[in-house]
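What follows is each chain in one-letter form.
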Amino acid sequence: MAGASVPVLVALGLLGLVGGVGITAVGPGGVLPTIGLFALTGLTPAEVAGTALVTHVATGVLATAAYLRSGQLREPGTRHTALVLAVTAVAGAPLGVLVNSHASERMFGLVLGVFTAGVAGLVWFREARRPAAERAHPSTAVVAGLGGAVAVAAGVVGIGGPMLTVPVLVAMGVPLLEALAAAQAQSVVIAGVGTVGYLARGAVDWPLAVLVGVPELAGVLLGWRIAHALPTRRLKYALFATLFALAPYLALHG
């Protein structure tokens, strides 16, 4: 954080706030702090991922508590999905940390750009192709496969589980609030296990984690209220446009 200009620090705080809103309002959103840390600072790929994951420990716990309070995590189907996602994250996140240790800055930017474009596509897909009727939660095997893949990806680039898990679950027919609730519990495990791995490598910038994480926590509470009170379609389209515009820059930034 030393040497960073005031505009950069303000931008990182704002990205944390907006990212927090996205986490609990629509799912994708937690990638924005990661993007900011990668594009606006001189952190290494490991430090970007480690610092971002630290913030997701706190946001995951707060978001899980919020969705427990509003009842979604008390529903048996949602609880089961959340449990399977969390268990698979225990194995997937360390693998992602290991993969990150072999990633150059160019490769990290390319992977982050691909994920960003992919999530933008998922957001667009689920809005353009809404199922006629919401179905039950997917089978345990399907959820386990999804959870493992997301945990590895999250461990590599330092994103939260909701970024990838929520769009996929909703595309499968899971109601949005239930998908959001299950993904928050998964995020706690991904971030917790991933943080331990990056701490062992000395790859966490604590001042930047606080700078980004505190506004991100405020955004989580705001996004939770938005998800329950307001139509989020415009927010989803704004997020899609932002992610799609940022993807080429990230891929070339490395």
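A closer look at the environment of Leu 208
Inspection of the secondary structure puts Leu 208 in helix H9 (residues 206-229). Overall, the relative accessible area of 2% leaves Leu 208 in the buried class. Along the backbone, Leu 208 and Leu 37 are 171 residues apart, and their C-alpha atoms lie at a distance of 8.4 Å.

Quick word on empty space enclosed by the protein
A full pass over the atoms with the stated rule returns 1 cavity of 30 Å³ or more. Put simply, the largest cavity is a space of about 30 Å³. Lining the largest cavity we find Ile 23, Gly 27, Gly 30, His 56, Gly 160, Pro 162 and Met 163. Each residue belonging to the lining of the largest cavity can be placed in one class, and the counts come to 3 nonpolar, 4 polar and no charged.

So, the packing of aromatic side chains
Counting across every chain of the model gives 1 aromatic pair. Seen from their ring centres, Phe 38 and Phe 108 are 5.3 Å apart, and the 55° between their planes marks the pair as tilted. Highlighted residues: Phe 38 in helix H2 (residues 31-40) and Phe 108 in helix H5 (residues 105-128), separated in sequence by 70 residues. Considered together, Phe 38 and Phe 108 belong to a single accessibility category, that of buried residues.

Quick look at the confidence of the model for the protein
For residues with low pLDDT, the predicted coordinates do not support detailed interpretation. Overall, the prediction assigns the protein a mean pLDDT of 84, with 87% of residues at 70 or greater. Per-element confidence in the protein ranges from a low mean pLDDT of 66 for helix H10 (residues 233-253) to a high of 92 for helix H4 (residues 76-100).

Some remarks on the side chain of Thr 81
Structurally, the position occupied by Thr 81 is in helix H4. Using a relative accessible area of 0% as the deciding quantity, one classes Thr 81 as buried. Sequence-distant contacts of Thr 81, that is, excluding residues within four places in its chain, are made with His 137, Val 143, Leu 169 and Ala 182.

Thoughts on the side chain of Ser 187
Tracing the backbone through its elements, the reader meets Ser 187 in helix H8 (residues 176-200). Beyond its immediate stretch of four places on either side in the chain, Ser 187 contacts His 56, Gly 160, Gly 161 and Pro 162.

Description of H9
Over its 24 residues, H9 runs 34 Å from end to end, which matches the ideal 34 Å to within 8%, given 1.5 Å per residue. Buried within H9 we find Leu 208, Ala 209, Val 212, Gly 213, Glu 216, Gly 219, Val 220, Gly 223, Trp 224, Ile 226 and Ala 227. Tucked inside the fold, the buried residues of H9 contact helix H1 (6-25), H2, helix H3 (45-69) and H8. Here H9 starts with a cap whose side-chain oxygen sits 3.1 Å from the backbone nitrogen of Leu 208, and that cap is Asp 205.

Let's talk about the packing of H1 against H8
Contact geometry of H1 with H8 gives a least axis separation of 8 Å together with a crossing angle of 115°. Each of Ile 23, Thr 24 and Ala 25 in H1 lies in contact with H8, whose residues at this interface are Leu 176, Leu 180 and Gln 184.

Let's talk about the packing of H1 against H2
The N-to-C vectors of H1 and H2 enclose an angle of 160°; their axes lie 8 Å apart at closest approach. Here H1 is positioned roughly antiparallel relative to H2, judged by the angle of their axes. H1 and H2 meet at a crossing whose hand is right-handed. On H2, the residues touching Val 8, Ala 11, Leu 12, Leu 15, Gly 16, Val 18 and Gly 19 of H1 are Leu 32, Pro 33, Gly 36, Leu 37 and Leu 40.

What counts and what doesn't
- Residues numbered from 1 in each chain as written.
- Predicted model: local features only at pLDDT ≥ 70, side-chain atom pairs only at ≥ 80, totals over all residues.
- Heavy atoms only, no water.
- Helix = DSSP H or I, 4+ residues; strand = E, 2+ residues; numbered from the N terminus.
- Buried < 20%, exposed > 50% of the residue type's maximum accessible area, 1.4 Å probe, protein only.
- 1 Å grid on protein atoms, 1.4 Å probe; cavity = no way out; pocket = protein on both sides within 12 Å on 5 of 7 lines; lining within 4 Å.
- Points joined across faces, edges and corners; volume = space filled by probe spheres on them.
- Nonpolar A, V, L, I, M, F, W, Y, C, P; charged D, E, K, R; others polar.
- Phe/Tyr/Trp six-rings, centres within 6.5 Å; stacked < 30°, edge-to-face > 60°.
- pLDDT = per-residue confidence, 0-100.
- Contact = heavy atoms within 4.5 Å.
- Expected span 1.5 Å × (residues − 1).
- Polar contact = N/O pair within 3.5 Å; in protein donor to acceptor, adjacent residues only side chain to side chain.
- Axes fitted to C-alpha atoms, helices over the stretch in contact; angles between N-to-C directions.
- Parallel < 35°, antiparallel > 145°, perpendicular 65-115°, else oblique.
- Left-handed = near helix turned anticlockwise from the far one by under 90°.

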